[in-house]
Amino acid sequence: MNRYLFVIDYQNDFVDGALGTPEAVAILENVTAKIKAYANHPDGVIFVTYDTHAEDYMTTSEGKHLPVPHCIKGTAGWALHPTVAAALEGVAYTPVEKPTFGSVELPALVKEAAAGEGFAVELIGLCTDICVVSNAMLLKAAFPEVDMSVDAACCAGVSPASHQAALTTMACCQITVTNN
């Protein structure tokens with residue numbers, strides 16, 4: 001059975017850039033260790049999402065509610081954090097650009113990758129309370145019988161309180177929370 005790891009938005013702007021937090025910096029070692037574990041596992045499959053905005057971000061609904069330009073495609077803030085990029089160097093993974101919190105493409109990509117075989121899902125990344133929880137819910141809705149987990153030690157939220165609230169929400173929706 002394949003084990004799918006979703007590395008959600010571990011981009012510069014969410015680590016130490018425009019929307020960075022000390023908590024995002026603090027989990028870097030955990031995130032890279034998790035990536036390496038999946039990369040070295042014979043059944044490990046990695047998907048990496050990129051929060052992706054255009055120059056017109058401030059005119060979008062999200063830009064009006066969160067007026068902090070971030071993850072503008074092609075900028076340094078949009079790129080994966082160098083530590084995570086180094087962990088992924090030479091590793092096969094599926095990049096997924098998403099223009100909003102959750103990627104409606106992920107379930108189709110997972111179904112294609114699974115090709116009828118069983119799989120389990122684990123999510124890590126940023127921000128627990130926005131993009132991680134959004135993608136977890138989309139995947140859980142598409143695959144309600146699949147074992148799904150989120151590693152709390154490899155996630156960080158906008159704040160510690162909202163991180164914990166998102167973990168509670170995912171647990172209520174039958175997503176296993178590990179390392180909490």
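The preceding data block contains the structure.
What counts, and at which threshold
- Residues numbered from 1 in each chain as written.
- Predicted model: local features only at pLDDT ≥ 70, side-chain atom pairs only at ≥ 80, totals over all residues.
- Heavy atoms only, no water.
- Helix = DSSP H or I, 4+ residues; strand = E, 2+ residues; numbered from the N terminus.
- Expected span 1.5 Å × (residues − 1).
- Buried < 20%, exposed > 50% of the residue type's maximum accessible area, 1.4 Å probe, protein only.
- Arc of directions from axis to C-beta.
- Contact = heavy atoms within 4.5 Å.
- Phe/Tyr/Trp six-rings, centres within 6.5 Å; stacked < 30°, edge-to-face > 60°.
- Pairing = 2+ DSSP bridges.
- Axes fitted to C-alpha atoms, helices over the stretch in contact; angles between N-to-C directions.

Some words on helix α3 (residues 28-39)
Taking 1.5 Å of rise per residue, the twelve residues of α3 would be expected to cover 16 Å, and the 16 Å separating its terminal C-alpha atoms lies within 8% of that figure. Turning to α3, its buried residues number three or more, namely L28, V31, T32, K34, I35 and Y38. Angularly, the buried residues of α3 cover 160 degrees about the axis, an arc narrow enough to put them on a single face. Contact partners of the buried residues in α3: β1 (2-8), α2 (22-26), β2 (44-51), α5 (82-88), β4 (119-126) and β5 (148-156).

Focus: the packing of aromatic side chains
Counted by the stated rule, this structure contains five aromatic pairs. Ring centres 5.6 Å apart and planes at 80 degrees place the aromatic pair Y4 and F47 in the edge-to-face group. In this pair, Y4 sits in strand β1 while F47 sits in strand β2, placing the two residues 43 residues apart along the sequence. The residues Y4 and F47 share a single accessibility class, namely buried. With centroids separated by 5.2 Å and ring planes inclined at 85 degrees, the aromatic side chains of F119 and F143 adopt a geometry described as edge-to-face. Of the two residues, F119 sits in strand β4 while F143 sits in the loop between α7 (128-142) and β5, which places them 24 residues apart along the sequence. Like F119, the residue F143 is buried in the burial classification.

Observations regarding the sheet that holds strand β6 (residues 176-178)
Note on sheets: strands pair through backbone hydrogen bonds, and any given pair is parallel or antiparallel. Spatially, six strands are ordered β3-β2-β1-β4-β5-β6 in an open sheet, and the strand pairing comes out parallel. Whereas interior strands pair on both sides, the edge strands pair on one side only; in this sheet they are β3 (94-98) and β6. Neighbour-to-neighbour, the strand axes of this sheet turn through a mean angle of 25 degrees, independent of strand direction. Across the sheet, α3 is in contact with β1, β2, β4 and β5; its angle to β1 comes to roughly 150 degrees.

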